[in-house]
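Architecture at a glance
Here's the letter readout for the chains.
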Amino acid sequence: MDRRTLLTTAAMAAGLAATGTAALAQSKTKVGFILVGPKNDGGWSQHHYDSAMVMAEHFGDAVEVVVQESVPEGADSERVMTQMALSGVQLIFTTSFGYMDPTVNVAAKFPNVYFEHATGYKTAPNLSTYSARFYEGRAIQGHIAGKMTKTNKIGYIASFPIPEVIRGINSAYIHAKKVNPDVEFSVIWAFTWFDPAKEADAARALIEQGCDVVLQHTDSTAPQAAAQAAGNVITFGQASDMSDYAPFPRVSSIIDNWAPYYIERVQAVMDGTWTSVMTWDGIGPGMVEIGEISSAVPDDVKAEALAMKDAIANGSYHPFTGPLNKQDGSPWLAEGEIADDGVLAGLDFFVEGLTAEIPS
Amino acid sequence: MEMFGGINPAVLIASLMVASTPILLAALGEMVVEKAGVLNLGVEGMMITGAICGFIVAVETGSPLLGFLFAAVGGALLSLIFGVLTQLLLSNQVATGLALTLFGLGFSALLGQGYIGVKAPTLGRIDLGPLSDIPVLGRILFSHDPMVYVSLALVVAIWAFLRFTRAGLILRAVGESHEAAHALGYKVIRVRMLAIMFGGACAGLGGAYLSLVRVPQWTEGMTAGAGWIALALVVFASWKAGRVLVGAYLFGGVTVLQLNLQAAGAKVPVELLSMSPYLITILVLVLISTRGAQGAPASLGRSFNASS
Amino acid sequence: MIRLEKRPSPSRFWTATTPLLAVALTMVAGGILFALLGKDPLEALRTIFWDPLFHPQFASYSRPQLLVKAGPLILIAVGLSLGFRAGIWNIGAEGQYIMGAIVGAAAGLAFYPSGSPLIFPLMVVAGALGGWAWAMIPALLRVKFRTNEILVSLLLVYVAQNILASAAVGFLRSPEGGGFPGSRNLSQWSSSANPELITGTGMHWGVVAAFIAVIFAYVLMSKHLLGYQIRLAGQAPRAARFAGVEPGRLVVLCLSISGALAGLAGLFEVTGPAGQISIDFNSNYGFTAIIVAFLGRLHPVGILLAGLLMALTYIGGELAQFMLGLPAAAIQAFQGMLLFFLLGVDVLSNYRIRFGRRSVA
């Protein structure tokens, strides 16, 4: 195969339409998003995409949004970011933890382009990080779950043993245990973010083990469907509202809402006020939303859950407040002590009472 | 009846039958294809195409059975691309099959763009009245959706077809030696094309079982490697229908069991549980293969051209 | 009645022109696909095939990236092609690639933060050994127990993926990562880094290794006795046995080479472009390389060109996504079509098309 000839042919074909590249509209602010999954995956990537679209609508003609979906982490993502920066994009959101080092590298190469990396911990003068305190939502789920379980067995479909997932399990457990001392958690590590069939099987296994509440930290609605088929099991939406399954089995949900943050950051670029920040927002600023608590939840439980939501939102309550011991019984937080963000960010242990193990 | 602190064997077996049905259907189809001497590595692509075709039709018509029908049609149509390329244009089967998977994954995602988050009508369990109430056996044998029984019937049908019918004999002859079959006047290409389309239809059914029963919903890439497992099962089964069933239920069974063991809080390292379906499949295969011949069709993967 | 008649030897003319024909056909079919999706087909095709190479804004960056993307594909595909020619089916290069990266990274990280110049060579050896050892499992099972190597090598991919996840969150996790998954960054530690050798070319040690592998395979297949044995075993297994080719030895040898090369590809990727062991470090290079091997007709030079073409469609596809808003799925379907046409028109190089009824022999 002669590559040069091949290219000439391609050039001739393309030459017919040689209208030049899409003219760079300098008046518009160009914003790029890099997604790890398809933009309509029904979970993590879709929420970033939908929030990006809300942001685009907010600014109308003033912004141009470019999106790249299903970008593998590692070398491919670094290339995609570089190409975006070369094409004149001024602000790039990289929306998966695995993009951290590539984002750092590209940010160093393009000091005049702003970068925002989701869920990471490395910053630079032109690189911010942002993440959501999902564990605040988990606390509310734990409360509802602890109140509503009849078998006292709660199932949890976990993806990978990383701090975010471990925080969620701890938070849900602490608050379930608080209202129901007999509660037990069964944890299944699925070792995947996305495999609907496996998630469905995991949900069924938990239900067969007697769990009548299934919490999930994977993205598909498969566990919801499994719970619906079982008939007497409640679930919570993850990442998106999953309201198709309301009012039962889905009784509430945690929703990621990145739109306010995206609007704020794009506005900052337009105003020339962008600075590097580390944002970790929860229910208060609206980055984490609690989906409607359905009619399947008794009114008093709903009222308590909403009260907890308000307390978390206004800062009067923190889900990780002592006294709390680690799983091995050693003390972690003293009475009234609040976990500091540094420890929470890298949390790699379970609290006392959980019987599951963290694979390592 | 309980074991491992709360795992009920009857429930476990019933679940593994559901979990295994997609790979069982796909593997049965691929086995027939390979029996005809064709290696189609595009199972994953045909499965996912079946998954979306079935899903779309089920949503639009409200009938899951029509969904399954069109899943089979969709899988068969996609396999036709493979058939034309490998049988008429004599392209390399391994590469064409892989290309089919690539194409199928992309094509299905394009078709499915309007169907994310949509709920499809699902297939209910067949009500067998008092039979379903028999303890243990009722749960295992008489409380499934129709496709589980279809897949089991297919195992028997394929076994009988290959073993007792003239058409089955011709198919095997074509797979063992296409020159000899041709010399005897059989239409090698036509037999292979039909086998390929049958394989596509079966893979399509397996995919639709995922999107309409086991999950049930549509998401891009939802087969998540099931097609590859189906391919492995055919080899595992030494090209025998009964063994495909054993292999599929073994793999599905270990998958379900490991999740149940985790849920029951068994003190086995999770990493080990998580890889156990693959390791145990390899182990069993090694044990089987020490006993001798594996019986791959002799012409497997070779192109046939009458004038050559 | 149309029928095909085998040429005594492949037509030189068609061997050179079929790829062009295939690309032209793909442009027509792909253009229709893009038009159906509401995009300007000519602009889309230009973005995929032309812009990565000649676009004033991107080309200086994208062109070297072709080598970065093609390097591991070529390295793995060359190894696989030897086995494929001998009828030995290693479908699990993806697993060997992962294990090469893990073992290589672990060997290097054991000496962190030493500055010894021996560390990188040590990692290269360990990476090759890791891939080799993973390939030896199907090889030995095949030789000892006649277990089918397709199945074992394929299933071991999934096992390797599990080990990779464990490594990223467990035994190779960076102690300075604050509990987050992922190893230390190997491309930023001078002892383990596999940097761009000449700025602006995309050349790193992995690309160099790929070129060496191409030359090595070319010489082996055309000049060496082993190459002859491989070809013979693939074309006429019986004759090969009479000629003194030991099938077991060949299995071990072919899987050794392909496993070691896949392991090397993983090692060079993890120390260079990827930079670290992470949960999703692998990106299907091992499977794509199978396509590359066959697209290159199992010939080293063909593989080189096929690898570059695949890389071009990946990089052009990325550009088309964010410049024109084409969905990733459309690019995937487009790549599939390109492969269909490339494979389909190949018939012209090996066969003559005859019209009319068969002449009486």
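These figures come from a predicted structure and were not determined experimentally.

1. Notes on the overall build of chain A
From N to C terminus, chain A includes eleven helices and 14 strands. In summary, chain A has a C-alpha radius of gyration of 23 Å against a globular reference of 21 Å for 360 residues, a match within 12%. Projected onto its principal axes, the C-alpha coordinates of chain A cover approximately 70 × 45 × 40 Å. Relative to its full complement of 360 residues, chain A shows a buried share of 62%. For chain A, the exposed area adds up to about 12600 Å²; of that, 52% sits on carbon and sulfur atoms.

2. Things to note about helix 4 (residues 59-85) of chain C
Residues and elements named next belong to chain C. The terminal C-alpha atoms of helix 4, which comprises 27 residues, lie 36 Å apart, in line with the 39 Å expected from a rise of 1.5 Å per residue. Of all the bends found along helix 4, the most pronounced is centred on Ala70 and spans about 35°, while Pro72, a proline, follows it within four residues. Along helix 4, 23 of the 27 residues are buried, which leaves the element largely enclosed by surrounding structure. Following helix 4 by one or two positions, Gly87 adopts a phi angle in the positive range, close to 80°.

3. Things to note about the domain arrangement of chain A
One widely used convention gives an interface's size as the accessible area the parts lose upon coming together. Residues and elements named next belong to chain A. Looking at the assigned domains, one finds that chain A contains domain 1 (24-132) and domain 2 (135-255 + 290-345). Each side of the interface is counted separately: domain 1 has five residues, and domain 2 has five residues. Of the roughly 470 Å² buried between domain 1 and domain 2, counting both surfaces, carbon and sulfur atoms make up 50%. Among the residues domain 1 hides against domain 2, the three largest losses belong to Gly42, Trp44 and His47. Together they make up 62% of the total. Between the two partners, domain 1 and domain 2, sit zero salt bridges.

4. Some thoughts on the sheet that holds strand 9 (residues 234-237) of chain A
Residue and element names in this part refer to chain A. Pairing in this open sheet of six strands is mixed, and the strands run 7-6-8-9-10-12 from one edge to the other. Among the strands making up the open sheet, the edge pair consists of strand 7 (184-189) and strand 12 (288-291). Along the sheet, successive strands turn relative to each other by an average axial angle of 20°, direction set aside. As paired strands, strand 6 (residues 153-158) and strand 7 are joined by six bridges and run parallel to one another. By the bridge assignment, Ala158 is partnered in strand 7 with Trp189. In the packing of helix 5 (residues 134-148) onto the sheet, the strands contacted are strand 6, strand 8 (213-216), strand 9, strand 10 (250-256) and strand 12, and the crossing angle to strand 10 comes to about 175°.

Definitions and limits used
Residues numbered from 1 in each chain as written. Chains lettered and ligands numbered in written order. Predicted model: local features only at pLDDT ≥ 70, side-chain atom pairs only at ≥ 80, totals over all residues. Heavy atoms only, no water. Helix = DSSP H or I, 4+ residues; strand = E, 2+ residues; numbered from the N terminus. Rg over C-alpha atoms; globule rule 2.2 N^0.38 Å. Buried < 20%, exposed > 50% of the residue type's maximum accessible area, 1.4 Å probe, protein only. Areas by Shrake-Rupley, 256 points an atom, 1.4 Å probe, with all protein chains shown as cover. Expected span 1.5 Å × (residues − 1). Bend = angle between axes of the 7 residues up to and from the residue. Domains from an automatic or database assignment. Contact = heavy atoms within 4.5 Å. Buried area = accessible area lost by both parts, 1.4 Å probe. Salt bridge = Lys/Arg side-chain N within 4 Å of Asp/Glu carboxyl O. Pairing = 2+ DSSP bridges. Axes fitted to C-alpha atoms, helices over the stretch in contact; angles between N-to-C directions.

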